[in-house]
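Single-letter residue listing:
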Amino acid sequence: MNRGHSSLNPNLHPMSKRSLRSLPALLVALPLVACILYPLAALLLEGLNAPVADFRAQLHGWDPKAQPAAAALRALWREPPVRQAAWGTFKLAVLTVLAGGAWGLGLALLWWRREFPARRIFALLGYAPVLLPPLVGTLAFARLLGESGMLNRMLPSAGGKPFVSPIAGVLILHTYSFGIYTYAFAAAALEHLDHAHEEAVRNLGGGTWAVFWHAVRPALQGPLAAAALLTFMAAGASFSGPYLLDTRGQYLTVEIVNELSSSDPAYVAALTLLLAVLSLAALPPFLWVQRQGAGLSFGTQGLKGGGGRALPRAGAGEAAVRIALSLCAALLLLLPPLMIAQGAFADPQGWYTGAWPQTLNLDAFHRLDSDAWAALRRSLRYGVLAAGIDVCAALLVALALRRAPAWAGLPAESSVMLAVALPGSAVANALLTAFNAPSWLTAGQPLGQTATILVLAYAVRCLPLAVRPVRAALEGLGGDLEAAARGLGAGPLRTLACVILPLLIPTLLAAGLLCFVTSAGEFVASKLLFSIPSMPVSVKMDEVLRNDPPAATALGLCLMGLGAAAVGLAGWLQARASWRARRS
């Protein structure tokens, strides 16, 4: 506690000291409240107070000029498609939690319980879904599992229906895309598991199941709960999968986009609020699990000074089984990226049949016009801007909340947590509701249909990806180095510039690269907020896909390649930071 008071004037009154610690947290909360809480409040007010369109009021027997209170919310539950969409979204989210949890846990147990040849390579492949932006991943699975996809053409249909139903295709896509949450959380827990507990159970006569139940399961419970809640929120917010793979199904995210053409902003706001409530329902238990210490600080173990424990080596027979299963899992993980690569270089007929090209065919790249390449450059620029905003905001939040009282940090923490839980469509519609018209927060300039609102939406969506690891890395540094710097006469700014920032640079760069990858491929917020001059690459891909699927795949391959390079650089930076921390 002494180091927390040492930077303050000892002659100050205790109340003044607490106020000085609270002030940075309150100041840093202001832009977060303005960009997250205020737009959400504006969306809530529109959903409650704004009248619905005249045609909808007449549909429900209301006078368009004298509608009842909360007309948009009343209209929601009077229309059966909305109830069906809400149920479809909830059902898909629950099924994704079960399927993604089983898949991710299976991979973690396969690659993080025993050491065997090539285990580290296989374990790295578990993060392959990160390389696929939402629309690119959906395009890969559409080629595999869509109604006209290769698998449904190869396997017999049942009564004229495809072998893989549309809802099953969406669920498989979600399992692949969101199972990474369970895999990452469980892998971190298993990597730091104390194997002495397992030996103790074995010494007491316990078998394999008893070892797992009494030694391994307790360490996995918290991480699995946190991963399940994150998976629920992500699956409920998913748009591209239902949009392309289950065109006859009803989901809230798709309903929101479809209603944009109805010229009924109040009804769209009410739909968005319903989706936000569904996602936010998982936030309180997620926060409770995090407070129990079950959360995962992505990529910060090395900065905290502790590496993973050495895994017990598998016997010859067990190693052979694990290698065989790993090869099967690796094939499944690499198949979607390979489908994108094959589709980009195949001729138009090969795109549909799945035949691998005999020669390198670049026709799909040549058919991309200047607008497509401009959209790609635009998305890269938007991603860089959003990543820069997020990294700067994350550093300010981490520094401001480091020693602030809990009550002072609540506004900033609440804003960041809402950014975790809110779907992209909710963020986009909230920003559009708040800033489409001139506002004093935007210096009287409307942001609707501008590049600024796109960058703002990306920054809000990706802010938690930067805040969480930066805060964890800063906490892991401790206060000894700062105390030593102050003892040598360095002031707060010099200590920050010469001591803290150099140690945080790997985490800041890695967080920024992850924010860049996510922002550059964001789809649903882009589709709701874009205009022709600001069209990002994900929306351009959707446009090209309707007339030239191979060209859309080529554009997706470019985006995937850039994302892979960024993720690889982020992983190298984190590995280098961990190596330096272990040496020091």
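Before reading further, recall that the structure is shown in the block above.
The rules behind these values
Residues numbered from 1 in each chain as written. Predicted model: local features only at pLDDT ≥ 70, side-chain atom pairs only at ≥ 80, totals over all residues. Heavy atoms only, no water. Phe/Tyr/Trp six-rings, centres within 6.5 Å; stacked < 30°, edge-to-face > 60°. Helix = DSSP H or I, 4+ residues; strand = E, 2+ residues; numbered from the N terminus. Buried < 20%, exposed > 50% of the residue type's maximum accessible area, 1.4 Å probe, protein only. Lys NZ or Arg CZ within 6 Å of the ring centre and 35° of its normal. Axes fitted to C-alpha atoms, helices over the stretch in contact; angles between N-to-C directions. Parallel < 35°, antiparallel > 145°, perpendicular 65-115°, else oblique. Left-handed = near helix turned anticlockwise from the far one by under 90°. Contact = heavy atoms within 4.5 Å. Patch = residues over 30% accessible without salt bridge, like charges linked within 9 Å, V, L, I, M, F, W, Y side chains within 5 Å. Areas by Shrake-Rupley, 256 points an atom, 1.4 Å probe, with all protein chains shown as cover. Salt bridge = Lys/Arg side-chain N within 4 Å of Asp/Glu carboxyl O. Expected span 1.5 Å × (residues − 1). Bend = angle between axes of the 7 residues up to and from the residue.

Draft legend 1. Spatial organisation of the packing of aromatic side chains. Applying the stated criterion to the full structure yields 16 aromatic pairs. Consider the rings of Tyr 127 and Tyr 183, whose centres lie 5.2 Å apart with planes at 65°: the pair is edge-to-face. You can see Tyr 127 sitting in the loop between α6 (119-125) and α7 (134-145) and its partner Tyr 183 sitting in helix α9 (residues 166-191), a full 56 residues away along the chain. Given a relative accessible area of 1%, Tyr 183 falls into the buried group. An aromatic cluster of three or more residues is present, and its members are Trp 111, Phe 116, Phe 122, Tyr 127 and Tyr 183. The ring of Trp 112 has Arg 119 sitting right over it, with the charged end atom 4.9 Å from the ring centre. One residue, Arg 217, lies across the ring of Trp 213, its end atom 4.0 Å from the ring centre.

Draft legend 2. Main features of the packing of helix α5 (residues 80-111) against helix α14 (residues 265-280). At a minimum axis distance of 11 Å, the contact between α5 and α14 shows a crossing angle of 30°. Considering their axes alone, α5 and α14 lie roughly parallel with respect to each other. Remark: the crossing between α5 and α14 carries right-handed chirality. Where α5 abuts α14, its residues Val 82, Ala 86, Thr 89 and Phe 90 lie against Tyr 267, Leu 271, Leu 274, Leu 275 and Leu 278.

Draft legend 3. Expanded view of a nonpolar patch on the surface. A contiguous nonpolar surface patch, about 470 Å² in accessible area, is contributed by Trp 87, Phe 90, Val 94, Leu 95 and Leu 98. Inspection of the secondary structure puts Trp 87 in helix α5.

Draft legend 4. Structural detail: helix α21 (residues 406-421). Compared with the 22 Å implied by 1.5 Å per residue over 16 residues, the 21 Å span of α21 between its first and last C-alpha is a close match. The principal kink in α21, of about 30°, is found at Ala 412. Turning to α21, its buried residues number three or more, namely Ala 408, Gly 409, Ala 412, Ser 415, Val 416, Met 417, Leu 418, Ala 419, Val 420 and Ala 421.

Draft legend 5. Representation of the pattern of salt bridges in the model. According to the stated counting rule, one finds 11 salt bridges in the structure shown. Note that Arg 546 and Asp 542 form a salt bridge whose closest N and O atoms lie 3.4 Å from each other. Here the salt bridges do not stand alone but share partners, grouping Arg 56, Glu 79, Glu 259 and Asp 264 into one network.

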